[in-house]
Amino acid sequence: MSKVILGGGISGLSAAFYLRKKFPLLSITLLEASNRNGGWIKSEKHDGYIFEQGPRTIRPHGNKAINTLDLIEDIGLTNEVEYLPKNHPAALNRMVYVDGVLHKLPSSFSSLLTKNPPFTKPLVQYLIKEFRQTSKTVHDESIYDFVKRRFGSEIADYAISPLICGICAGDAKRISVKFLLENLFYDEQKYGSITKGFIKNIFKKQPQPVILNTLARRAKSEKWNVFFFKDGLEVFPKRLEKVNKENNVDIRVNQSCTSIELNPTKVTLHMDSNNKVETRHLIATISAKKLSELIIGHADLTKLLSSIPFVTVCVINLHYKTELLKQEAFGFLIPPKENLPILGVIFDSCCFPCEGCTNLTVMMGGHWFKTFFGENPTDEHLLDVALKQLEDILKIKDKPNSFKINVLKNCIPQYIVGHNETVDKIHKYVEDNKLPLNLCGTSYNGVGINDAVYSAKTMVDKLQN
Ligand SMILES: Cc1cc2nc3c(=O)[nH]c(=O)nc-3n(C[C@H](O)[C@H](O)[C@H](O)COP(=O)(O)OP(=O)(O)OC[C@H]3O[C@@H](n4cnc5c(N)ncnc54)[C@H](O)[C@@H]3O)c2cc1C
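Since the structure is predicted, the reported quantities are computational estimates derived from the model, not experimental observations.

Draft legend 1. Representation of the layout of surface pockets. Estimates place the volume of the second largest pocket at around 520 Å³. Lining the second largest pocket are 20 residues, and of these H427, N438, L439, M459 and K462 sit closest to its centre. Here the lining of the second largest pocket is built from residues that sort into nine nonpolar, six polar and five charged.

Draft legend 2. Broad picture of the pairing of strand β4 (residues 49–52). Relative to β4, strand β3 (residues 43–46) is paired through four bridges, and the arrangement is antiparallel. In the strand pairing of β4, E44 is matched with F51. Between β3 and β4, which pair antiparallel and follow one another directly, the connecting turn spans two residues, one of which, G48, has a positive phi of 95°.

Draft legend 3. Focus on the nonpolar core. Judged by nonpolar contacts, the single largest core of 74 residues is most densely connected at I316, F332 and M364. Here the element with the most residues in this core is helix α15 (residues 379–394); it accounts for eight residues. Beyond its immediate chain neighbours, meaning those up to four positions away, F332 contacts M95, Y97, L102, G344, V345, F347, I393 and L394. In this structure, F23, I283, A456 and V460 belong to the second largest nonpolar core, which totals 43 residues.

Draft legend 4. Structural view of the UniProt feature "domain: Amine oxidase" (unreviewed entry) in the protein. Annotation from UniProt places "domain: Amine oxidase" (unreviewed entry) at residues 10–459. From the first C-alpha to the last, residues 10–459 spans 14 Å; its make-up is 37% helix and 22% strand.

Draft legend 5. Region of interest: helix α6 (residues 153–168). I160 marks where α6 bends most, by close to 30°; the proline P162 follows one to four residues later. Looking at α6, one finds that the buried residues are E154, I155, A156, D157, Y158, I160, S161, P162, I164, C165 and C168. Buried positions along α6 lie against β6 (94–98), α4 (123–132), α5 (143–151), β15 (310–320), β16 (331–333) and β19 (402–413). Count one or two residues on from α6 and you reach A169, which has phi positive near 55°.

Draft legend 6. Summary view of the sheet that holds β16. An order of β7-β6-β16-β17-β18-β15-β19 is seen for the seven strands of this open sheet, with the pairing classed as mixed. The sheet is open, and its two edges are formed by β7 (101–104) and β19, each paired on a single side. For this sheet, the mean inter-axis angle between neighbouring strands, taken without regard to orientation, is 25°. Of the pairings in the sheet, the one linking strand β17 (residues 344–346) to strand β18 (residues 358–366) comprises three bridges and is antiparallel in character. Considered in β18, the bridge of G344 is made with M363. Each of β6, β7, β15, β16, β17, β18 and β19 touches α15; the most contacted strand, β15, lies at about 65° to it.

Draft legend 7. Just α15, in detail. A rise of 1.5 Å per residue sets the reference length of α15, with its 16 residues, at 22 Å; its end C-alpha atoms lie 22 Å apart and thus fit the reference within 8%. Looking at α15, one finds that the buried residues are L382, L383, V385, A386, L387, Q389, L390, I393 and L394. Just downstream of α15, K395 is the residue with a positive phi angle, here 60°.

Draft legend 8. How the structure looks around the sheet that holds strand β10 (residues 257–262). Read from one edge to the other, the open sheet built from four strands follows the order β12-β11-β10-β14, with strand pairing classed as mixed. The sheet is open, and its two edges are formed by β12 (276–279) and β14 (295–296), each paired on a single side.

Draft legend 9. Spotlight on the state of the cysteines. A complete count under the given rule lists one disulfide for this structure. You can see C351 has no disulfide; the closest cysteine sulfur is in C350, sitting 5.6 Å from it. The exposure class of C351 is buried, given its relative accessible area of 4%.

Draft legend 10. How the structure looks around the environment of L301. In this structure, L301 sits in helix α12 (residues 299–306). Since its relative accessible area comes to 1%, L301 is described here as buried. Along the primary structure L301 and G7 are separated by 294 residues, whereas in three dimensions their C-alpha atoms are 19 Å apart. Apart from the residues within four sequence positions on either side, L301 is in contact with I295, I426, Y429, V430, L435 and L437.

Parameters at a glance
- Residues numbered from 1 in each chain as written.
- Predicted model: local features only at pLDDT ≥ 70, side-chain atom pairs only at ≥ 80, totals over all residues.
- Heavy atoms only, no water.
- 1 Å grid on protein atoms, 1.4 Å probe; cavity = no way out; pocket = protein on both sides within 12 Å on 5 of 7 lines; lining within 4 Å.
- Points joined across faces, edges and corners; volume = space filled by probe spheres on them.
- Nonpolar A, V, L, I, M, F, W, Y, C, P; charged D, E, K, R; others polar.
- Pairing = 2+ DSSP bridges.
- Helix = DSSP H or I, 4+ residues; strand = E, 2+ residues; numbered from the N terminus.
- Core = buried A, V, L, I, M, F, W, Y, C linked by side-chain atoms within 4.5 Å.
- Buried < 20%, exposed > 50% of the residue type's maximum accessible area, 1.4 Å probe, protein only.
- Contact = heavy atoms within 4.5 Å.
- UniProt positions renumbered as here; feature names shortened; annotations may be inferred.
- Bend = angle between axes of the 7 residues up to and from the residue.
- Axes fitted to C-alpha atoms, helices over the stretch in contact; angles between N-to-C directions.
- Expected span 1.5 Å × (residues − 1).
- Disulfide = S-S within 2.5 Å.

Structure below.
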């Protein structure tokens, strides 16, 4: 029986890899709309520096990360991996810009006991407040409301809101608490407070440690903070593509699907070339939004898929032939309360050194893209805004020696309040209607690369044939 995978991003390429591993004789076809695989992962290599136009680093912690490291090892990329240790300045120094000043966020135990602006009290006092706070039974709420209720508005405004901008370019006032703080949310519901839950959990029996492969063992012993690839993140999807091709996966680019007919016994994909591709089983790794626009005749499913919102992010990579940064840091984020037209700036040349030069990435838009830039801003306007903010905040007046502007349309899903229920309903619809369809990718259970790879792995693990 053949399977078709729609989408050649990291989710689709991982799905193909796991499928081939599980079913050596299966006919697998992967269809990708653009002229390259990799999706949002795109690295442009220049002489001495790389412009990462989408993601740049991967987190090495947790089971999903261990799974990614397993895959990296399996496809022979171990020697390409580089990392930032936990004691690197870029790992220790993460900043927020509040009231015209860059503030370093607390990163050590001792900083819990001292007052660190923009917070007006030592962090330990917010923890005491949380411990004493009465609990409230709720099914779901925004991460902003949850943190404000438990710790107060300063933590919600200056720690959580910029963090949500950094992770999903979203508004913490809309994003579900379960997106990032699910365990803390359930601790409050179960124990009455997060701090009480934390103390109780210390005495709980710890789960059996997972057996680690070489890379995951190294990540632990060398205390990695984040990892990346020395030639850019795109080597990851490129190598997966190569391995899949060697393993007889039929990978076709320039194959844009324009509509999908889904029946219990057959799936028909109509392509923009007027061709049809028929299969007994479809694995859709494209975004829920795009999928909702393709499916014919399942109005309830379409409605559920399209109810997951997406935001557009503008990524501006800048290269200067001089050293301009005064701080050694990962970069800074801007709390939405500041009402500025950028989300934050990554100090690439601090994370990935570049002799005598400076590389920066300015992230703009996200939830606020239309508010600040309208429907179709020109590249010139976007660049002007970015450079003006760099001048105001970092006092950088120089013009970049080279730059790249990319507007990534609808690139990050927003897990708004009620997201988990929406995803459950989507899976239930597919099951109840016995549709030969599996979904993976970042629209459902996590927005990062580790989530994408893990979604492919768990989806394939569950397949019977
Ligand atoms: C600006 C930015 C920064 C990020 N930074 C990080 C980071 O530092 N670390 C991290 O872990 N994650 C980061 N992420 C998230 C990460 O990029 C995603 O988790 C990951 O790339 C998603 O991969 P995917 O395969 O699920 O989806 P995609 O990359 O969207 O791939 C889907 C593919 O499907 C194709 N497709 C779409 N429609 C059709 C169609 N009709 N027919 C055929 N093919 C179609 C598309 O062309 C695309 O290639 C970032 C994302 C963005 C946008």
